[in-house]
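# Structural overview
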Amino acid sequence: MTLNNESERNYIIGTCMKMCPEKEIKMRERERLLHIFEIVQGTENHPMPIAQIDQMVKCFSRSAAGKFMQDPENLRPPAVLLETVNYLLDNIAGRTDVSWLIIYDFIMDRLRSVRQDMVIQNVSRAYQITILQPIIRFLAYASYRLCEENVTDFDPHINNTHLQECLKRLLCMYDYYDELNDTSKDGSGFFIDLLKESRQYFESLYVIFNLGSTTAITRAINLSSKWRSHLIETSLEISISYLNGNFVRVCKAIERLPTLLASLATLHLPELRRSSFKIMSTAYHSKNLRYPLDALQHLLLYNTQDEIIYDCKYYGLNVLNNGIQFSKTDFDQNKPKVHSRRSKEIDIKLSNIDISTLLLFGE
Amino acid sequence: MAFMTLAHFLQILDRSWRNQDGNKIAQFMSLRHDHAKYPNYQVEQPEGLVDRFLTSPLDELVCLHLKCLYSISRDDFLMAYNLQSQLIQSFTKILQAQKDENWALPIMFTVCSDLRLIAQRAEKQRVGASENPGEILEKAAECLMGCFRVCAADNRSAEEDTKRIGMLGLVNQLFKVYFRINKLHLCKPLIRAIESSPFKESFPLGQQVTYRYFVGRKAMYDSNYKAADEYLTYAFQNCHRTSRKNKRLILIYLVPIKMLLGYVPSRYVLEKYDVIQFWDLVQAVCQGNLRLFDELLEQHETFFIKCGIYLIVDKLKIVAYRNLFRKVYLILNTHQIPVESLQSALEYLGQDVDLDETQCIVANLIYDGKIKGYISHQHRKVVVSKQNPFPPLTSLT
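The rules behind these values
- Residues numbered from 1 in each chain as written.
- Chains lettered and ligands numbered in written order.
- Predicted model: local features only at pLDDT ≥ 70, side-chain atom pairs only at ≥ 80, totals over all residues.
- Heavy atoms only, no water.
- Helix = DSSP H or I, 4+ residues; strand = E, 2+ residues; numbered from the N terminus.
- Rg over C-alpha atoms; globule rule 2.2 N^0.38 Å.
- Buried < 20%, exposed > 50% of the residue type's maximum accessible area, 1.4 Å probe, protein only.
- Areas by Shrake-Rupley, 256 points an atom, 1.4 Å probe, with all protein chains shown as cover.
- Lys, Arg positive; Asp, Glu negative; His and termini not counted.
- Charge placed at Lys NZ, Arg CZ, Asp CG, Glu CD.
- Contact = heavy atoms within 4.5 Å.
- Buried area = accessible area lost by both parts, 1.4 Å probe.
- Salt bridge = Lys/Arg side-chain N within 4 Å of Asp/Glu carboxyl O.
- Polar contact = N/O pair within 3.5 Å; in protein donor to acceptor, adjacent residues only side chain to side chain.
- Nonpolar A, V, L, I, M, F, W, Y, C, P; charged D, E, K, R; others polar.
- Domains from an automatic or database assignment.
- Pairing = 2+ DSSP bridges.
- Core = buried A, V, L, I, M, F, W, Y, C linked by side-chain atoms within 4.5 Å.
- Axes fitted to C-alpha atoms, helices over the stretch in contact; angles between N-to-C directions.
- Parallel < 35°, antiparallel > 145°, perpendicular 65-115°, else oblique.
- Left-handed = near helix turned anticlockwise from the far one by under 90°.
- Expected span 1.5 Å × (residues − 1).
- Phe/Tyr/Trp six-rings, centres within 6.5 Å; stacked < 30°, edge-to-face > 60°.
- Arc of directions from axis to C-beta.

## Regarding the overall build of chain B
Looking only at helices and strands, chain B features 19 helices and 3 strands. Whereas a compact globule of 397 residues would reach a radius of gyration of roughly 21 Å, chain B reaches 28 Å, over 25% beyond that. Across its three principal axes, chain B shows a C-alpha extent of roughly 90 × 45 × 40 Å. For chain B, buried positions account for 55% of its 397 residues. Looking at chain B as shown, the accessible area adds up to about 18,300 Å², and 48% of this sits on carbon and sulfur atoms. Positive and negative side-chain charges of chain B, numbering 49 and 42 respectively, have mean locations separated by a distance of 5 Å.

## Digging into the interface of chain B and chain A
Taken together, the contact between chain B and chain A spans 41 residues of the former and 40 residues of the latter. Taken together, both faces of the contact between chain B and chain A bury some 3,600 Å²; the carbon and sulfur share is 57%. Across the pair Arg249 of chain A and Glu357 of chain B runs a salt bridge, and its minimum N-O distance is 2.5 Å. Counting every contact that joins chain B to chain A gives 10 residue pairs in polar contact (both at pLDDT 80 or more). Within the residue set of the side of chain B that touches chain A, elements represented by two or more residues are α5 (77-97), α7 (135-152), α16 (301-307), α17 (310-332), α19 (355-367) and β2 (373-376) of chain B. Looking at the side of chain B that touches chain A element by element, the count peaks at 9 residues for α19 of chain B. Tallied by class, residues from the side of chain B that touches chain A come to 20 nonpolar, 11 polar and 10 charged.

## Here we look at the domain arrangement of chain B
According to the domain assignment, chain B consists of domain 1 (1-198) and domain 2 (310-395). Computed over C-alpha atoms only, the centres of domain 1 of chain B and domain 2 of chain B are separated by 56 Å.

## Re the pairing of β2 of chain B
All names here are of chain B. Pairing of β2 with strand β3 (residues 381-384) involves 4 bridges; the strand directions are antiparallel. Across the sheet, the residue bridging to Ser376 is Lys381, located in β3. In this structure, the hairpin formed by β2 and β3 is closed by a connection of 4 residues, where Arg380 is found at a positive phi of approximately 50 degrees.

## So, the pairing of β3 of chain B
Pairing of strand β1 (residues 336-338) of chain B with β3 of chain B involves 3 bridges; the strand directions are antiparallel. Across the sheet, Pro338 of chain B pairs through a bridge with Lys381 of chain B, a residue of β3 of chain B.

## Some remarks on the nonpolar core
Ranked by size, the top nonpolar core spans 256 residues in total, and within it Ile107 and Phe277 of chain A together with Phe175, Ile309 and Phe325 of chain B carry the most contacts. Among the elements that make up this core, the one with the highest residue count is α17 of chain B (13 residues). Split by domain, the residues of this core number at least three in each of domain 1 (1-198) and domain 2 (310-395) of chain B. Each residue touching Phe325 of chain B, except ones within four places of it in the same chain, is listed here: Leu342, Leu346, Ile361, Val362, Leu365, Ile371 and Phe390 of chain B. Cys20, Leu34, Ile39 and Ala51 of chain A belong to the second-largest nonpolar core, a separate cluster that totals 6 residues.

## Let's talk about the sheet that holds β3 of chain B
Residue and element names in this part refer to chain B. If you walk across this open sheet you meet the 3 strands as β1-β3-β2, and the pairing is antiparallel. Because the sheet does not close on itself, it has two edges, and the strands there are β1 and β2. Strand after strand, the sheet turns through a mean of 25 degrees between neighbouring axes, direction not considered. In this fold α19 packs onto β2 and β3, with an angle of close to 155 degrees to the strand it touches most, β2.

## Some thoughts on the packing of helix α8 (residues 230-243) of chain A against helix α9 (residues 247-254) of chain A
Residues and elements named next belong to chain A. Two elements in contact, α8 and α9, have axes separated by 8 Å at closest approach and are oriented at 155 degrees. Compared by their axis directions, α8 and α9 come out roughly antiparallel. As α8 packs across α9, the resulting crossing turns out to be left-handed. For the pair α8 and α9, the contacting residues are Thr234, Glu237, Ile238, Ser241 and Tyr242 in the first and Arg249, Val250, Ala253 and Ile254 in the second. Across the contact of α8 with α9, the residue classes tally to 5 nonpolar, 2 polar and 2 charged.

## Points about helix α3 (residues 100-121) of chain A
Residue and element names in this part refer to chain A. Taking 1.5 Å as the rise per residue, α3 with 22 residues should run 32 Å; its terminal C-alpha atoms sit 31 Å apart, in good agreement. Most of α3 is tucked away: 17 of the 22 residues are buried. Between a side-chain oxygen at the N-terminus of α3 and the backbone nitrogen of Leu101 the separation is 3.0 Å; the capping residue is Ser99.

## Re the pattern of salt bridges
Under the definition given, this model contains 39 salt bridges over all chains. Among the ionic pairs, Lys317 of chain B bridges to Asp294 of chain B, the shortest N-O distance being 3.1 Å. Taken together, the residues Lys317 of chain B in helix α17 and Asp294 of chain B in helix α15 (residues 290-299) connect sequence positions 23 residues apart. For Lys317 of chain B, a relative accessible area of 16% corresponds to the buried category. One continuous salt-bridge network, built from bridges that share partners, spans Glu237, Arg249, Lys252 and Arg256 of chain A together with Asp354 and Glu357 of chain B.

## Notes on the packing of aromatic side chains
Tallying each qualifying case throughout the model produces 28 aromatic pairs over all chains. Both rings, one in Tyr314 of chain A and one in Tyr315 of chain A, keep their centres 5.0 Å apart while their planes meet at 80 degrees; by these two values the pair is edge-to-face. Residue class for Tyr314 of chain A comes out partly exposed when judged on its relative accessible area of 22%. Relative to Tyr211 of chain B, the ring of Phe175 of chain B lies with its centre 5.9 Å away and its plane at 20 degrees, an arrangement referred to as stacked. Residue Phe175 of chain B is found in helix α8 (residues 167-180), and its partner Tyr211 of chain B is found in helix α10 (residues 205-221); the two are separated by 36 residues along the sequence. An identical accessibility class is assigned to Phe175 of chain B and Tyr211 of chain B; each is buried. Aromatic ring contacts, followed pair by pair, group Phe277, Tyr284, Tyr291, Tyr314, Tyr315, Phe326 and Phe331 of chain A into a single cluster.

## A few points about the sheet that holds strand β2 (residues 318-320) of chain A
Sheet strands pair via backbone hydrogen bonds, and the direction of the pair is either parallel or antiparallel. Residues and elements named next belong to chain A. An order of β1-β3-β2 is seen for the 3 strands of this open sheet, with the pairing classed as antiparallel. Strand pairing shows two members of the sheet lacking a second neighbour, β1 (291-292) and β2, which therefore form its edges. Inspection of the sheet shows β2 paired to strand β3 (residues 323-325) by 3 bridges, in the antiparallel sense. Its bridge partner being in β3, Val319 is matched across the sheet by Ile324.

## With respect to α15 of chain B
Residue and element names in this part refer to chain B. Every buried residue belonging to α15 is among Leu290, Phe293, Leu296 and Leu297, and all of these are buried. An end-on view of α15 places all buried positions within 120 degrees of arc, on one side of the element. Counted as exposed and oriented over 90 degrees from the buried face of α15: Glu298 and Gln299. In this structure, the buried side of α15 is in contact with α14 (277-287), α16, α17 and α18 (339-348). The backbone nitrogen of Arg291 lies 3.3 Å from a side-chain oxygen of the residue at the head of α15, namely Asn289.

If you want it as structure tokens, here you go:
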């Protein structure tokens, strides 16, 4: 009988009203496990740095056998979790005094513990949605901003796994509101209005993040018509075109996306270009003909022609007189896709936006 | 079924159990059998009466069954679901204890498909109570997996007594759940279990048809059209001719797949099985009439989405491109087709494409072997082969 309403409230409610539990502050200060963002300025180089208590944020710690995760004093109630997310994205994400990799590692870890507290307490769906949305924007932003980093510094796979997990959780929460059928009791009608804006955005983000995935496409086309916004249509068009090999349409439509979604789509370009080269190697196969570099640069959203030349050589294709000599025998099928590159155009757009505002309030 | 007192009903159950008459018990334990409708079988606390007639282990099953009927009569499907799943858990233990005998399999099939049906009703009733949609069905699937494990692990019995022959029926039930909750990846281990089973060919034909239907649909989602064609064709050909509803269901998937592979369904078959909606689509694809194609896709969007064939129907557009380009080629009667001509044909049919995208579409067709030739970007020409530039689709692998 686990399915009735009563079972829902068998969860603990946290009593920790700070971003970090008292015990952890003491322990981490004692063990010198403070992050530079959590130290009283000027004491960084002391043998015993002092904790800046209002800047301490609870660390993620893996649940393990024998470890008691359910102490209310160590759990933050939803309002404090939201406050923590706001603090991290507002005060830390935009800092420019340290490398963004350090910022990423710190925020990533602390957000993970926010998610953990959220799950252990099974906080209300409205809170989960409000907490998850900025987290997802952060992970999406990070996956683009750090895509050129070395794998030892930033592992895109781990980041993507987190992003996918958060997204799926968020979509589950959305589905629940679908089932409510707008029968607005307890003021949830107001919340549903708020959802209208954000939901179509995150549903699109799911489609773009999982470009060419039939599961994601199927989900989006099954959405009830009230969520099928312009943005969803564009995202679907991109993903279906990607599936059907229409890379020209994909690249044209990417430019119509909002910046953060466009940056996520950019991460699929190496794969898209690879398959474009594969198709073109057969379709433009010729000893005498060349495909002009400038045309291809524009078609496949390359920053510079040097990047195309690099990619062509990598896949075994010849470049002569500013033109590519496509040949089905030269193209090397076995080469994995090239490393991701950031897009100059998107970088410019992002540099004109305040990161904290983007992550907290969306675009 | 004629009216029968509960006592009489219990006596028959008792006798059938002793006689190992699985079919009879299956009927009397079914939520869909006639007796389910009579109020005298819908008992809230049947223990007293049941204990007078039945002994362990049957008494527990029958008590749960009668309670379940009671809950259904009260429209409490969540409770009914819980009772039926307890029933299956007890039954699984009984089944496991029966060494070297498989007469109870018909009971298993009945209670298991009942559980699935009840879970579906409970899903609808549940709204708001639990966290994720599909959760009850997923729990039901776990329950069925319990039975499946017992069957699959029964490898000591002789061939005529083995419970492994019950695997396919359960797999089909699980497929139905997984397709409904959209968790197709869970099908994979089940398919492997069946494909490697020594009884692969000896399962009842009806079950094989159902199995091939679902595996075919899964292959379709995985874009494995050749395999999808094989499975669905088998299902269609072997499905009993009186099961028109099922034959129609199979055709809904088989028709677009066959079309993608270059076959054209006959109007007669489409009419016979009431899927005439496809006829216009067939016309649009054959003529390369993309305007009509777009209109039909929009007009029948809900139907295509509901059946889960939207994406594959959308893929038929590629076949339509091929047919249109072939027409342009025949009209111009040249082996060097200007890309501009192809683009104007597309534009004329309402497609919003420029020269680059037209070339991209052609490039894909050449890559797939649907057009033989190459593109010259400088001259903006598609140079097609002198021999057989548009090979029949059916000749492609």
